[in-house]
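Single-letter residue listing:
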Amino acid sequence: LVAFTQLGHRAVGLDGVPAFCRMSREASGCEVWEQDLCALDLPAERFDGIFCNACLFHLPRAALPGALASLRHALRPHGVLFVSNAHGFGQDKEGWTDGRTATTRSYVCWLSEETWLATCEAAGLSLLDK
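Residues numbered from 1 in each chain as written. Predicted model: local features only at pLDDT ≥ 70, side-chain atom pairs only at ≥ 80, totals over all residues. Heavy atoms only, no water.

**Q** Quick question: what am I supposed to make of the layout of surface pockets here?
**A** Leftover empty space is mapped by rolling, across the atoms, a probe with the size of a water molecule. Its boundaries defined by the atoms lining it, the largest pocket holds a volume of some 1200 Å³. As for the largest pocket, its lining consists of 31 residues, and the residues nearest its centre are Leu 1, Val 12, Gly 49, Ile 50 and Phe 51. Those elements that place two or more of their residues in the lining of the largest pocket are strand 1 (12–15), helix 2 (18–28), strand 2 (31–34), strand 3 (47–53) and strand 4 (75–84). Among the elements that take part in the lining of the largest pocket, strand 3 stands out by supplying seven residues, more than any other. Of the pockets and cavities examined, the second largest pocket occupies roughly 840 Å³. Those elements that place two or more of their residues in the lining of the second largest pocket are helix 3 (64–74), strand 4 and helix 4 (113–122). A breakdown of the residues in the lining of the second largest pocket according to their chemical character gives 18 nonpolar, eight polar and six charged. (1 Å grid on protein atoms, 1.4 Å probe; cavity = no way out; pocket = protein on both sides within 12 Å on 5 of 7 lines; lining within 4 Å. Points joined across faces, edges and corners; volume = space filled by probe spheres on them. Helix = DSSP H or I, 4+ residues; strand = E, 2+ residues; numbered from the N terminus. Nonpolar A, V, L, I, M, F, W, Y, C, P; charged D, E, K, R; others polar.)

Here it is, written out as structure tokens:
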């Protein structure tokens, strides 16, 4: 948020964890919305760009179409959705995996490039670059 604001953008954050929202507001001075990625409630055509860095692959595959449709709905005409995802290296894999520490686990949905592109296209999105 800070980097986008320093570049002259009006950044708005979104997270599902209240403490992270609070920390983000305090660190950035930006508006930060607390929402569940599986049940987004975003205003129509509000954003020129949406930046999803390493978050959508934590959604269950069944929730991706709805989340992508919500994000597309929130983009202005010709807006850009940037997504960085871990991927399945040619395979679709979903489930719990070891987290970043010995005591944590993460839910992941690693999709092949083919499946990811098809899911995005079904949500009305088109690829600009990869």
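**Q** Even after reading the chapter, I still don't get a nonpolar patch on the surface, so can you show me in this structure?
**A** A cluster of nonpolar side chains, namely Phe 4, Leu 7, Phe 51 and Phe 82, defines an oily patch on the protein surface of about 410 Å² accessible area. Relative to the elements of secondary structure, Phe 4 occurs in helix 1 (residues 2–6). (Patch = residues over 30% accessible without salt bridge, like charges linked within 9 Å, V, L, I, M, F, W, Y side chains within 5 Å. Areas by Shrake-Rupley, 256 points an atom, 1.4 Å probe, with all protein chains shown as cover. Salt bridge = Lys/Arg side-chain N within 4 Å of Asp/Glu carboxyl O.)

**Q** What should I look at first to understand the side chain of Gln 35 in this one?
**A** Inspection of the secondary structure puts Gln 35 in the loop between strand 2 and strand 3. Overall, the relative accessible area of 15% leaves Gln 35 in the buried class. A polar contact is formed between the side chain of Gln 35 and the backbone nitrogen of Asp 41, at a distance of 2.7 Å. (Buried < 20%, exposed > 50% of the residue type's maximum accessible area, 1.4 Å probe, protein only. Polar contact = N/O pair within 3.5 Å; in protein donor to acceptor, adjacent residues only side chain to side chain.)

**Q** Looking at this model, I keep getting lost on the pairing of strand 5 (residues 93–98). Mind explaining?
**A** For a regular strand, the rule is simple: side chains alternate between the two faces of the sheet. Bridge count for strand 5 against strand 6 (residues 105–110) is six bridges, and the pairing is antiparallel. For Glu 94, the partnering residue across the bridge sits in strand 6 and is Cys 109. Between strand 5 and strand 6, which pair antiparallel one after the other, the connecting turn spans six residues. (Pairing = 2+ DSSP bridges.)

**Q** Hey, could you run me through the pattern of salt bridges in this one?
**A** Any two side chains of opposite charge can pair, so long as their charged atoms come close to each other. Using the criterion set out here, one finds three salt bridges in the structure. Taking the shortest distance from any N to any O, the salt bridge between Arg 46 and Glu 31 comes out at 3.8 Å. Taken together, the residues Arg 46 in the loop between strand 2 and strand 3 and Glu 31 in strand 2 connect sequence positions 15 residues apart. Salt-bridge contacts for Arg 76 lead to Asp 48; the nearest nitrogen and oxygen are separated by 3.1 Å. Here Asp 48 lies in strand 3 and Arg 76 lies in strand 4, a separation of 28 residues in the sequence.

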